[in-house]
Amino acid sequence: MSNRNWRLPAGVGELLPPDAWSLELTRRRVLDVFRAWGFEYIEPPVVEYLDALLVGAGDDMDLQTLKALDPKSGRLLGVRADMTAQAVRVDAHSRPEPGVQRLCYAGNVVFANPLSSLDDRVPLKAGAEVFGAATLTADAEVIALMLEVLAGVDVTDPILVLGHMGIYQHLVEPLDLSPALEAELFAAVQSKAQTDIARLLDGRPETEVLVRLPGLMGERAILDEARALLSGSGPAVAGAMDALERLADLVLESAPDAQVRFDLAELTGYGYHNGPVFSAYHAQAGRALARGGRYDGIGGAFGRARPATGFDVNLNELAATVTGDVAAVWVPWMDGADPDREQAIRRLRRDGTAVVVALSVEDERPMRCTSVLISRNGEWITDPVI
Amino acid sequence: MGLTIALNRGRILSEVLPMMQQAGIEPSEDPESSRKLIFESRTGGHRLVVMRGSDVPTYVEYGAADVGVTGKDTIMEYGGGAHFYEQLDLGIGRCRLMTAAPADSALAQGRDVRGPLRVATKFVNVARRYFEAEGRQVTLIPLSGAMEIAPLMNLADCIVDIVDTGNTLKANGLVALETIADISSRVIVNRASMRTRFGEVQSLLSVLRDAAGNDEGGWRG
């Protein structure tokens with residue numbers, strides 16, 4: 001085959017029937033949940049100045065962002081790899097509401113340099129953020145919304161994992177580590193590599209606590225054990241522990257069936273979180289289906305630092321549970337007009353049933369048309385194909 | 001349903017299998033003599049999948065396997081960190097990831113090489129990060145094995161490779177220089193399996209931890 005114009009770049013896919021409908025229906029369902037919860041929808045641009053996209057993010061986000069030189073301004077443009085910074089900009093600058101602001105969005109992001117070879121480089125993401133609320137009730141609302149979104153796309157019994165970035169941050173702060181060592185420690189704690197944590201800390205006072213921290217995960221009982229381990233680690237760590245427990249109570253008040261687990265060393269990969277963090281998993285998915293957390297003060301880079309918390313989901317991954325097979329009614333070819341038939345077709349379509357009408361006598365019924373419009377006793381009805 | 005466990009083929013396997021046995025996971029056939037690659041365990045409904053060590057992280061990251069055993073060198077080359085949990089050091093397969101050069105080379109004698117250092121290795125990511133941290137410009141030459149040959153044939157100034165006894169280096173007139181990392185076999189766990197199959201993963205790790213004589217704490221809940 002000499003023609004290779006059909007090729008797509010590595011990691012870039014296209015969705016065909018029925019998967020494309022499945023993704024679009026997923027997007028609609030998720031946005032419907034956001035709307036029902038009173039979140040206002042924004043559509044930030046796919047491309048903007050790089051500096052704005054990288055606000056609050058680490059090196060990872062920089063490497064992930066596809067860049068181009070803007071001939072008009074001479075500045076670097078970035079194609080967004082995450083939409084949170086855009087929502088932050090809206091809250092800080094474009095629409096600076098004085099009170100609490102709830103924003104939601106859905107759109108494609110692009111990964112210039114996917115962390116894994118199997119990752120889709122142009123996934124469709126959706127997310128919701130609450131700005132201007134410093135209380136745990138805001139985190140609880142976001143978590144409850146996240147669970148509702150998963151329920152809305154038929155993900156049953158997800159496992160909700162709660163953590164708090166403050167625990168790790170307050171433990172590490174007093175150690176006064178060099179940035180390079182801190183980065184290595186972060187990676188080791190993130191991957192729960194206890195041998196490496198011990199080696200990196202090399203007998204510093206908090207070694208014992210930090211080596212054991214990644215093992216502190218599980219159901220509620222783990223919190224007592226954590227309190228015992230962290231009892232001498234100062235009021236900031238104790239405060240983060242209290243916040244974590246209170247957050248779990250709040251979540252269970254609005255979602256009593258939630259399967260809550262704790263992970264005291266849950267460090268998300270986004271780099272900007274600085275409070276409670278949360279993620280949702282399902283046995284059928286090899287990775288987190290949704291994740292988020294608190295990231296207070298990031299908007300300062302746009303001139304308005306505010307408390308903020310939110311989450312996002314990869315809609316391509318959620319679409320797996322939503323069927324895109326749209327059953328349709330087939331209308332065979334018929335010479336001449338029939339007003340009754342035309343009306344029957346209009347009525348079906350208005351009621352949400354897909355109707356496919358033959359365009360010529362040669363036109364054959366597609367497989368997805370599982371019933372046929374027929375006339376029986378002078379009435380047009382749908383008859384299932386056997 | 002039990003866990004799917006990806007194991008590193010080769011020398012480490014003979015040390016890992018007895019540990020698995022202590023956890024009640026015994027393959028229906030001997031993986032070291034069978035040509036099969038997937039083995040059902042006699043009890044518990046687990047599956048053991050035997051593969052190249054460098055493939056283990058890929059299977060675990062995407063959840064094709066819940067748990068894997070592979071060397072720290074492989075994990076470092078894969079990128080480690082955000083991809084999966086790496087909670088248990090089995091303490092077996094110990095060796096070091098090192099730089100090495102011919103004994104009579106300038107490098108081995110403490111003199112510098114002019115221009116970018118030519119480094120032959122199969123650990124290109126590890127080597128790139130290591131020399132970056134050292135502030136050293138290098139030209140990486142990816143090879144898939146027998147790295148020792150490269151400096152001898154003047155393809156490279158030095159190599160980055162696993163050093164166990166050092167006999168292979170010595171036999172080829174090379175000396176080990178700097179240690180990049182101490183290596184041992186690690187148990188890695190898919191991030192979702194850690195959440196959704198917590199009990200099963202936990203009990204496996206707890207037995208493996210005892211078998212490894214490793215007391216790092218962790219695993220309650």
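Residues numbered from 1 in each chain as written. Chains lettered and ligands numbered in written order. Predicted model: local features only at pLDDT ≥ 70, side-chain atom pairs only at ≥ 80, totals over all residues. Heavy atoms only, no water.

(A) View of the environment of K67 of chain A. Residue and element names in this part refer to chain A. With respect to the secondary-structure elements, K67 resides in strand β3 (residues 66–69). Overall, K67 belongs to the partly exposed group, its relative accessible area being 35%. Along the primary structure K67 and L50 are separated by 17 residues, whereas in three dimensions their C-alpha atoms are 7.5 Å apart. A distance of 2.6 Å separates a polar atom in the side chain of K67 from the backbone oxygen of D62. Polar side-chain contacts of K67 include one of 3.1 Å to the backbone oxygen of T65. (Helix = DSSP H or I, 4+ residues; strand = E, 2+ residues; numbered from the N terminus. Buried < 20%, exposed > 50% of the residue type's maximum accessible area, 1.4 Å probe, protein only. Polar contact = N/O pair within 3.5 Å; in protein donor to acceptor, adjacent residues only side chain to side chain.)

(B) Here's a closer look at the sheet that holds β3 of chain A. All names here are of chain A. In space, the three strands of this open sheet follow the order β2-β4-β3, with antiparallel pairing throughout. This sheet does not close on itself; its edge strands, each paired only once, are β2 (47–49) and β3. For this sheet the average axis-to-axis angle between neighbouring strands, irrespective of direction, equals 35°. Both β2 and strand β4 (residues 76–79) contribute to a ladder of three bridges, which runs antiparallel. Note that in β4 the partner of E48 across the bridge is G78. (Pairing = 2+ DSSP bridges. Axes fitted to C-alpha atoms, helices over the stretch in contact; angles between N-to-C directions.)

(C) Up close: the side chain of R89 of chain A. All names here are of chain A. Mapping R89 onto the fold places it in helix α4 (residues 84–94). Owing to a relative accessible area of 17%, R89 belongs among the buried residues under this scheme. A distance of 2.7 Å separates polar atoms of two side chains, one belonging to R89 and the other to E48. Leaving out residues up to four positions away in the same chain, R89 has contacts with P44, P45, E48, S94 and F302. (Contact = heavy atoms within 4.5 Å.)

(D) Layout of the domain arrangement of chain A. For chain A, the domain assignment lists domain 1 (19–158 + 282–321) and domain 2 (328–384). Each of domain 1 of chain A and domain 2 of chain A was reduced to a C-alpha centroid, and the two centroids are 42 Å apart. (Domains from an automatic or database assignment.)

(E) Fine view of the interface of chain B and chain A. Contact residues are listed per partner, giving 27 residues for chain B and 32 residues for chain A. Around 2500 Å² of area is buried between chain B and chain A when both sides are counted, 52% of it from carbon and sulfur atoms. At the boundary of chain B with chain A, the tally comes to five salt bridges. The salt bridge involving D196 of chain A is made with K72 of chain B; its shortest N-O contact spans 2.5 Å. In this assembly, chain B and chain A are joined by eight residue pairs in polar contact (both at pLDDT 80 or more). Of all elements in the fold, only β5 (85–89), α7 (191–196) and α8 (198–211) of chain B reach the threshold of two or more residues within the side of chain B that touches chain A. Per-element tally for the side of chain B that touches chain A: the top contributor is α7 of chain B, with five residues. Among the residues forming the side of chain B that touches chain A, the class breakdown is eight nonpolar, nine polar and 10 charged. (Buried area = accessible area lost by both parts, 1.4 Å probe. Salt bridge = Lys/Arg side-chain N within 4 Å of Asp/Glu carboxyl O. Nonpolar A, V, L, I, M, F, W, Y, C, P; charged D, E, K, R; others polar.)

(F) Expanded view of the confidence of the model for chain B. All names here are of chain B. With 95% of its residues at a pLDDT of at least 70, chain B reaches an overall mean of 90. Contacts for the low-pLDDT stretch residues 215–221, under 50 throughout, to residues beyond four places or in other chains number 32 contacts. Interface confidence for the predicted complex, given as ipTM, is 0.84, next to a pTM of 0.90. (pLDDT = per-residue confidence, 0-100.)

(G) Looking closely at the nonpolar core. Of all hydrophobic cores here, the largest spans 77 residues; its most connected members are F34, L264 and F311 of chain A. For this core, the leading source of residues is helix α5 (residues 136–152) of chain A, giving nine residues. Formed by 28 residues, the second largest nonpolar core is a distinct cluster that contains M217 of chain A together with V67, L90 and L204 of chain B. (Core = buried A, V, L, I, M, F, W, Y, C linked by side-chain atoms within 4.5 Å.)

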